[in-house]
Amino acid sequence: MSRSTIPLTIRNLTVAYQKKPVLRDIGFEIPEGKLIGIVGPNGAGKSTLIKAALGLIPRVTGEVSIYGKPYQEQRKLVGYVPQRESVDWDFPTSALDVVMMGRYGHLGWFKRPGAKERSLAMTCLDKVGMADFAGRQISQLSGGQQQRIFLARALAQDAQLYFMDEPFVGVDAATEKAIVTLLGELKRQGKTVLVVHHDLSTVKEYFDWVMLLNVQLMGIGPTDEIFTKSNLQQTYGGRLTLLSRDDDAIIVR
């Protein structure tokens with residue numbers, strides 16, 4: 001695999017808060033066209049990993065490459081769905097306007113979105129079941145609906161590599177189904193998606209690859225190979241309950 005076809009390469013990544021390492025010497029490469037679940041206990045550095053890769057927080061050491069180049073040169077290829085709780089949902093804007101923001105990277109900040117961008121944004125809203133809410137203020141939407149709006153914005157970016165930070169947290173069953181459907185569509189289009197995920201019982205169902213993280217990288221690779229009882233016990237320590245004795249056990253926090 002040549003460097004230019006690798007969506008994400010991270011080398012020697014260390015991040016610290018108040019001199020305490022939150023991520024220590026992380027390194028990996030992600031192949032193209034995979035759905036990757038990032039799992040680990042609370043405080044493991046999962047969200048920090050995404051923010052460091054996107055340059056949203058400083059790194060002590062480390063290099064991040066998007067298709068072989070620094071992120072700053074590849075912004076148009078990257079989509080990001082942040083944690084819903086980190087967004088100011090009282091900001092006075094409509095669902096459609098939020099989705100059209102996903103096109104700014106392609107338009108440039110001084111060109112206003114036109115009919116083409118509006119049509120694309122409506123298509124993305126329709127894909128997440130939110131077309132009827134295009135004119136609704138985002139503060140008037142439920143948590144699940146707000147999450148779908150952010151997914152639609154990511155779709156509008158038409159990226160090659162997506163980072164999604166806990167998209168399944170606090171959503172209803174219909175929204176969870178919509179997210180799973182969207183992930184499947186992105187995979188069929190050859191996109192690469194990294195998802196911070198907490199529900200271990202659905203990891204094998206949702207993801208091709210899994211990354212086990214607890215400050216250090218505990219394992220990464222095809223889900224069937226990495227998502228095993230022994231690897232999970234090493235990652236989570238004593239904070240697991242195994243509901244059966246085989247490696248296919250449903251595991252809860």
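Everything here concerns the structure above.
This text gives an overview of the structure that appears in the document. Note on numbering: residues in each chain are counted from 1, in written sequence order. Where totals are concerned, whole chains, interfaces and linings use all residues; where local detail is concerned, this predicted model gives features only for residues with pLDDT of at least 70, and gives and counts side-chain atom pairs only at 80 or more. Side-chain metrics rest on all non-hydrogen atoms present in the structure, leaving aside hydrogens and water.

### What about the nonpolar core?
One recurring pattern in soluble globular proteins is that nonpolar side chains are buried together.
Item 1. V99, L125, I149, M164, L183 and V193 are the most contacted members of the largest nonpolar core, which has 44 residues in total.
Item 2. Throughout this description, the term nonpolar core refers to a set of buried Ala, Val, Leu, Ile, Met, Phe, Trp, Tyr and Cys residues connected via side-chain atoms within 4.5 Å. Only protein chains enter the area calculation, which uses a 1.4 Å probe; residues under 20% of their type maximum are buried, those over 50% are exposed, and those in between are partly exposed. Counting residues in each nonpolar core, the second largest holds 29 residues, with F28, I30, A53 and I57 among its members.

### Remarks on the sheet that holds strand β3 (residues 35-39)
Item 1. DSSP bridges decide pairing: two strands pair if at least two such bridges lie between them. Going along the chain from the N terminus, every DSSP run of H or I of four or more residues is numbered as a helix, and every run of E of two or more is numbered as a strand. The mixed open sheet is built from six strands, whose spatial order is β6-β7-β8-β3-β9-β10. For this open sheet the edge positions go to β6 (78-81) and β10 (216-222), each flanked by a neighbour on one side alone. Sheet twist, expressed as the average angle between the axes of neighbouring strands with direction ignored, equals 15°.
Item 2. Bridge count between β3 and strand β9 (residues 209-214): four bridges; the pairing is parallel. When the bridges of β9 are listed, G37 appears paired with V210.
Item 3. The contact definition used throughout considers only heavy atoms, calling two residues in contact when any of these lie within 4.5 Å. The convention used is that axes are lines fitted to C-alpha atoms, helices contributing only their stretch in contact, and that angles between N-to-C directions extend from 0 to 180 degrees. The strands touched by helix α9 (residues 229-236) within the sheet are β3, β9 and β10, with β9 carrying the most contacts at an inclination of about 30°.

### Some thoughts on the pairing of strand β1 (residues 8-17)
Item 1. As judged from the seven bridges shared by β1 and strand β2 (residues 20-30), these two strands associate in the antiparallel manner. Considered in β2, the bridge of L8 is made with I30.
Item 2. What sits between β1 and β2 in their antiparallel hairpin is a turn of two residues, with Q18 showing a positive phi close to 50°.
Item 3. Relative to strand β4 (residues 61-66), β1 runs antiparallel, the two being bridged by five bridges. Within β4, the residue paired with T9 across the bridge is S65.

By themselves these figures say nothing about function.
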